[in-house]
Amino acid sequence: MVFILNKKVLICDDAMFMRMLMRTILSDLGITEIIEAENGKEAVDLYYENNPDMVFMDIAMPVFDGIEALKRIIDYDRDAKVVMCSAIGQQSVVYKAIESGAKDFIVKPFKKDDVLNALKSWA
Amino acid sequence: MEKDKYIDIFIEESEEYIEKLNDLMLSLEEDPENEEAINEAFRLFHSLKGNSGSMEFTGMQNFTHKLENALDMIRSKKAGISDDFTEVVFESLDQIEECIENIRNTGNEISFDDDEIDKLLDNLENGKQNDNDENNKDSSNGPISNITSSVDKDIDGYLSDGKKLFILDIWISKNCLLKSARAFLIMKNLDKNGEIVKTIPETKDIEDERFNDNFEIWLLSEKEKDQILASIEKITEITDIKIEEYGVENHGSSNDNVNDILDDNNLEDEKEKDTKKHNSSESKSSQSKSILALKEEDKVFSINKTVRVDLSRLDKLMNLVSELIITKNGLKEFFINVNDDNAKGSIEQMEYLERITQNIHESVMEIRMMPISVVTQKLPRMVRDISKQLNKNIDFFIEGEKTELDRTVVDEIGDPIIHLLRNAIDHGIESEDERIKNHKEKKGTIYLKANREDDNVIIKIIDDGNGIDINQIRKKIIKDDYITKEQADFLSDDEVLEYLFKPSFSTAKEVSNISGRGVGLDAVKTRIETLGGSVTVKTTKGKGSEFRIQLPITLAIIQGLLVKINDEKYIVPMNIIHSAEEITYDMKESVQGRMMINLRGNIIPIINLSGYLEMEPEKNKEKNKVLLIIKKGDRTVGVEVDDILSQQEVVIKSMSKKIEHSSIISGATILGNGEVALILDLYNII
Amino acid sequence: MEDIKNQYIVISVGIENYGVNILDIDSIIRLKKITRIPKTKPYYKGVINLRGEILPVMSIKKRFGIDNEDYTDKSRIIIIKDDQDEKTGIIVDEVKDVVNIPEEDVDMYAIDSMDELAKFTKGVAKDTYNNRLITLLNIENIMKDDNDEDNDL
């Protein structure tokens, strides 16, 4: 049984369903500080305010999308650990994200272990 | 995953998305170039796909994936929106809606009919502009190729500049879904530490995912082995890395190191199975721990702005507030009758209590309020569909969607509104040709306007169509033997219009399956009156009609006037009372058998309730009375009562269904003195 | 231990004694203010407030077709609860006592079935202890609307 403790995680997805899912997985893994953003802009603002240990960022979001938010976060913090959450069929967007500084990516529908591995590596 | 936890929110969010998508499609019909709408639609289908995938509804996942693709093609300008396009998307949205409904009822998805969407996708593919084909054919511009130098030397040739050549053998997880992206990520990181000179298989093959779970990378670098390892070992979905420095003889140890590091970071497949079993039995206790953890942090860090509350709890709260008000009224009554000095101080407390209960009441009401948009959201799409079906060209506008109503009222008001809209489309708005013939705009207009007026919400459905032919109704009234011609002529236009709301009355020449046999309007009236409201209609021949629905904002607690009629007490809801006047006997005049009064120039008929209330005729007819002025549509009447005793908040209590009563009684309440008082529905008798 | 299903509250309506099975009864209260309901069946006197609930109240005399109602301070309202937990009050002239009548002492056929009131009763009980006859009331039928076959809500 693995717990990741004392880490702050930012989750960004416009679907409430996804955020809820993520939140539950993260809590199960022991994360107690979970911050949620519904769109790209909110993601960036919350990053500035909270300086989380890592970010799970959905690729498609309103206001500005995951890539844009990623870029701005990296601008602000070169070492930001942003892991993109993408769906199948978004290969080219993932490429873009990697080029823009994403540290890693996980693919939906993801399992607890995907999230766990990402946390272990990056949080 | 435990689907039950998420099913409600999945259903709710999916329904929200479907509504939004309908709206987006409607606006794209008007303006197919609207990029924002296209992008949002794409994102919504994308989310639907993701959510349904997580819930393991693979049918829905695949179906929405197709729609996502279709939108993607539009989005990347590979194709444009055609009429066909929106039609197919609408039809698909209906299927998805059906699916969600089925999930809600049975927990299972439905099987989808892909024909239309597949055809659409084919058409979009074929209609693709050609400028993208180049990208597809020539993959030497692919990102992986971009970070691989294309120099193909003999292996020793790489070692020239004092740089080391590392050969990395990388295995990724068998379940890896985006293999080439995964490879790209790995290669990008390696690229920061040197130069990738070769890949096995070829970069093109890696980009096209023509490899199983293993590939080899040759890296030219000045860095040390562990530095290079460090640059990629954290990447997820890597199951093994073997790194050799070309020309150096220490395979064994380096491999061991790598595996040690990897074991720390990754759970391999076999290990996964074991730990999973272990996990599931422990998961319950960890869940309770983490739920506690969740609750704590929710308070501080969560940015959730809403709270989800069980509806039954809300109802319970509502009932308690009602009881509180009744008790408060009882207490108040008690204080009014107590006369000593101590009581004076308590009166202040009483007033304070009154203010507080008022505030609590209002707060609870606010929680129960919902905007009418909950109902009106679906209407634009419905109007569009029916208009198409009936070949009418109609513009539909909604105003005041934010107007709020008690949730029980909102639940019930949908059907009546839909019925009135159908009527407006079917019977109200004329065909394009007819409109042009009459020098009208060829597009008909229907408005739905909602606004708040004191304790009521007013909803109007206005059309600029034909208007209702009052004379035709007049004739029908005679024909159907309701009354004689003389009586019919005597009826005012408003009174004639009210016949529309009587059961089995229809002037439609044929029974259309849209608006039925005209049994609709009487059902509409009944439904609205059950909610404590009323419906009236105004019309102008050739210009259009306006249906006006008036609803109390809340069902359970109303402002009421306690009145005395023949020594009995009754409650009249304030929301229908325009004003009250004291009148004397000589102010009344009998005109053609009806009692009337001239009030400052207005001739108002007087209604006496003794007949309705089965009362003995009055002994003292010359008593002074109070006249309650009530307006209904354009008509004004005065209802006479003996006296107004007080104005108070009235909690409407349910009465046993066993006891039948006349329609003039709409409910009952308990007064401050514990007695039951009946609530009168005066609208019906006007 | 006497079986509760054989226990009856004895009431008087005029000079007659009637029994109401205790299982049908929710409570018994003194007369209180009854709010008249216009245009309803003549045997319904109106509604009352019972601890916050509004219940209909009927006069058993009127139900039996007897017209002279006379309320004394002995008059009571018996609150009946039906199988849907809905309550109704019945005004009676007096509540006398509780008796236990074993089944064998109940004669189901003593009542002339041609009598209009027969449907309101279900047998005559011999209260040997008190040396009297008690007509047992059929509460279900008393509550039923004469016009409905079935009281479907």
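Residues numbered from 1 in each chain as written. Chains lettered and ligands numbered in written order. Predicted model: local features only at pLDDT ≥ 70, side-chain atom pairs only at ≥ 80, totals over all residues. Heavy atoms only, no water.

**Things to note about the overall build of chain A**
- Counting secondary structure elements, chain A contains 5 helices and 5 strands.
- Listed by position from the N terminus, the elements making up chain A come as β-α-β-α-β-α-β-α-β-α.
- Scored against the burial criterion, the 123 residues of chain A give a buried share of 65%.
- A separation of at least 24 residues holds for 65% of the contacts in chain A among residues at least 6 apart in sequence.
- Carbon and sulfur atoms provide 46% of the accessible area of chain A, an area that totals close to 4,200 Å². (Helix = DSSP H or I, 4+ residues; strand = E, 2+ residues; numbered from the N terminus. Buried < 20%, exposed > 50% of the residue type's maximum accessible area, 1.4 Å probe, protein only. Contact = heavy atoms within 4.5 Å. Areas by Shrake-Rupley, 256 points an atom, 1.4 Å probe, with all protein chains shown as cover.)

**Focus: the overall build of chain C**
- When helices and strands are tallied, chain C shows 2 helices and 11 strands.
- Mapped in sequence order, the helices and strands of chain C form the string β-β-β-β-β-α-β-β-β-β-β-β-α.
- Here chain C, with 153 residues, has 46% of them falling under the buried criterion.

**Observations concerning the sheet that holds strand β10 (residues 121-127) of chain C**
Residue and element names in this part refer to chain C.
- Ordered by their spatial adjacency, 6 strands build an open sheet running β8-β1-β2-β11-β10-β9, and the pairing between neighbours is mixed. The outermost strands of the open sheet, each flanked by one partner alone, are β8 (94-100) and β9 (106-107).
- The pairing of strand β1 (residues 7-13) with β8 spans 6 bridges and is antiparallel. Residue pairing across strands places Q7 opposite N100, the latter belonging to β8. (Pairing = 2+ DSSP bridges.)

**Considering the interface of chain B and chain C**
- At the junction of the two partners, chain B supplies 26 residues and chain C supplies 21 residues.
- Broken down residue by residue, the surface that chain B buries against chain C is led by K658, I659 and V676 of chain B, which jointly contribute 32%.
- For the pair chain B and chain C, the interface holds 1 salt bridge.
- A salt bridge links E568 of chain B to R36 of chain C; the shortest N-O distance between them is 2.8 Å.
- Applying the counting criterion to the chain B and chain C interface returns 5 residue pairs in polar contact (both at pLDDT 80 or more).
- Sorting the residues of the side of chain B that touches chain C by element identifies β13 (568-573), β21 (665-670) and β22 (676-680) of chain B as the ones contributing at least two each. (Buried area = accessible area lost by both parts, 1.4 Å probe. Salt bridge = Lys/Arg side-chain N within 4 Å of Asp/Glu carboxyl O. Polar contact = N/O pair within 3.5 Å; in protein donor to acceptor, adjacent residues only side chain to side chain.)

**A short note on helix α1 (residues 16-28) of chain A**
Residues and elements named next belong to chain A.
- Under the 1.5 Å per step criterion, the end-to-end length of α1 is 18 Å for 13 residues, consistent within 8% with the ideal 18 Å.
- Along α1, the residues classified as buried are F17, M18, R19, L21, M22, R23, T24, I25, L26, S27 and D28.
- Positive phi shows up at G30, right after α1, with a value of about 100 degrees. (Expected span 1.5 Å × (residues − 1).)

**With respect to a nonpolar patch on the surface**
Residue and element names in this part refer to chain B.
- A cluster of nonpolar side chains, L324, Y352, I356 and I360, forms an exposed patch at the surface whose accessible area comes to about 320 Å².
- Here the element with the most residues in the nonpolar patch is helix α14 (residues 341-368); it accounts for 3 residues.
- Given a relative accessible area of 34%, I360 falls into the partly exposed group. (Patch = residues over 30% accessible without salt bridge, like charges linked within 9 Å, V, L, I, M, F, W, Y side chains within 5 Å.)

**Comments concerning the sheet that holds strand β8 (residues 444-453) of chain B**
Residues and elements named next belong to chain B.
- Across the sheet, which stays open at both edges, the 5 strands sit in the order β6-β8-β9-β11-β10 with mixed pairing between neighbours. Edge positions in the sheet fall to β6 (394-399) and β10 (534-540), since each has one partner strand and no second. Adjacent strand axes in the sheet meet at a mean angle of 15 degrees, parallel and antiparallel pairs treated alike.
- Note that strand β9 (residues 456-463) and strand β11 (residues 544-552) share 8 bridges and pair antiparallel. (Axes fitted to C-alpha atoms, helices over the stretch in contact; angles between N-to-C directions.)

**So, the pattern of salt bridges**
- For the coordinates displayed, the defined rule picks out 48 salt bridges over all chains.
- For D240 of chain B, the salt bridge identified is with K242 of chain B, shortest N-O distance 3.3 Å.
- D240 of chain B sits in the buried class, given a relative accessible area of 15%.
- The partner of K81 of chain C in a salt bridge is D26 of chain C, with the nearest N and O atoms 4.0 Å apart. With a gap of 55 residues between them, K81 of chain C in strand β6 (residues 76-81) and D26 of chain C in strand β3 (residues 25-30) connect regions that are remote in the sequence.
- Judged by relative accessible area, D26 of chain C falls into the partly exposed class, the value being 27%.

**Remarks on the pairing of β22 of chain B**
Residues and elements named next belong to chain B.
- Counted residue by residue, β22 has 5 buried out of 5 residues, so it is predominantly covered.
- Here β22 shows no split at all, with V676, L678 and L680 on one side and A677 and I679 on the other all buried.
- Bridge analysis of β13 against β22 gives 2 bridges, and the strand direction is parallel. Opposite I571, over in β22, you have I679 as the bridge partner.
- In this sheet, β22 lies alongside β21 in antiparallel orientation, the contact comprising 5 bridges. Residue pairing for β22: I665 is matched across the bridge by L680.
- Where β21 folds back onto β22 in an antiparallel hairpin, the turn is made up of 5 residues, including G674, whose phi is positive at roughly 90 degrees.

**Observations regarding the nonpolar core**
- In terms of nonpolar packing, the biggest core is built from 76 residues, with L26, F56, M57, V115 and L119 of chain A together with L168 and I170 of chain B touching the most fellow members.
- The biggest single contributor to this core is helix α8 (residues 179-191) of chain B, with 7 residues.
- With residues near it in sequence (within four places) discarded, V115 of chain A still touches M22, I25, L26, L29, F56, I106 and F110 of chain A.
- Counting residues in each nonpolar core, the second largest holds 61 residues, with M318, I557, L628 and I685 of chain B among its members. (Core = buried A, V, L, I, M, F, W, Y, C linked by side-chain atoms within 4.5 Å.)

**Comments concerning the side chain of Q90 of chain A**
- In this structure, Q90 of chain A sits in the loop between β4 (82-87) and α4 (91-99).
- Q90 of chain A sits in the buried class, given a relative accessible area of 5%.
- There is a polar contact of 2.7 Å between the side chain of Q90 of chain A and the backbone nitrogen of A87 of chain A.
- Ignoring anything within four residues of it in the chain, the contact list for Q90 of chain A reads I59 of chain A together with H46 of chain B.

**Topic: the confidence of the model for chain C**
Residue and element names in this part refer to chain C.
- Mean pLDDT over chain C: 83, with 90% of residues reaching 70 or higher.
- When mean pLDDT is taken per element in chain C, strand β7 (residues 87-92) scores highest with 93 and β9 scores lowest with 84.
- With pLDDT under 50 throughout, residues 149-153 is counted as low confidence; its partners more than four residues away or in other chains account for 7 contacts.
- Scoring of the predicted complex yields 0.50 for pTM and 0.89 for ipTM. (pLDDT = per-residue confidence, 0-100.)

**Some points on the packing of aromatic side chains**
- Following the criterion strictly, the structure yields 13 aromatic pairs over all chains and no others.
- Taking the centre distance of 6.3 Å and the plane angle of 80 degrees together, the rings of F501 of chain B and F547 of chain B count as edge-to-face. Taken together, the residues F501 of chain B in the loop between α21 (493-498) and α22 (519-530) and F547 of chain B in strand β11 connect sequence positions 46 residues apart.
- Residue classification places F501 of chain B among the buried residues on the basis of a relative accessible area of 6%.
- Through successive ring pairs, a cluster of aromatic residues spans F17 of chain A together with Y6, F10 and F57 of chain B.
- The cationic tip of R182 of chain B hangs over the ring face of F105 of chain A; the distance from NZ or CZ to the ring centre is 3.8 Å. (Phe/Tyr/Trp six-rings, centres within 6.5 Å; stacked < 30°, edge-to-face > 60°. Lys NZ or Arg CZ within 6 Å of the ring centre and 35° of its normal.)

**What to know about unusual backbone geometry**
- Cis geometry marks the peptide bond from K108 of chain A to P109 of chain A; its omega dihedral reads -5 degrees.
- Relative to the helices and strands, P109 of chain A resides in the loop between β5 (104-108) and α5 (112-122).
- Note that the residue after I200 of chain B, namely P201 of chain B, is joined by a cis bond; omega there is 5 degrees.
- Relative to the assigned elements, P201 of chain B resides in the loop between β2 (195-200) and α9 (203-207).
- You will see that N566 of chain B, though not glycine, has its phi angle at about 50 degrees, which is positive.

**Things to note about the environment of K111 of chain A**
- Position of K111 of chain A relative to the elements: it lies in the loop between β5 and α5.
- Sequence separation of K111 of chain A and I25 of chain A is 86 residues, and the distance between their C-alpha atoms is 8.7 Å.

**Overview of the pairing of strand β2 (residues 33-37) of chain A**
All names here are of chain A.
- The buried fraction of β2 amounts to 4 of the 5 residues, a majority that puts the element mostly inside the structure.
- Strand direction decides the pairing type here: strand β1 (residues 8-12) and β2, joined by 5 bridges, are parallel. Its bridge partner being in β2, V9 is matched across the sheet by I34.
- In this fold, the crossover linking β1 to β2 by way of α1 has right-handed handedness. (Right-handed = clockwise from strand over helix to strand, strands pointing away.)

**Some points on the state of the cysteines**
Residue and element names in this part refer to chain A.
- Evaluation of the coordinates by the stated rule reveals 0 disulfides over all chains.
- With no disulfide of its own, C12 has C85 as its nearest cysteine by sulfur position, at a separation of 8.5 Å.
- Given the relative accessible area of 2%, C12 is considered buried. (Disulfide = S-S within 2.5 Å.)

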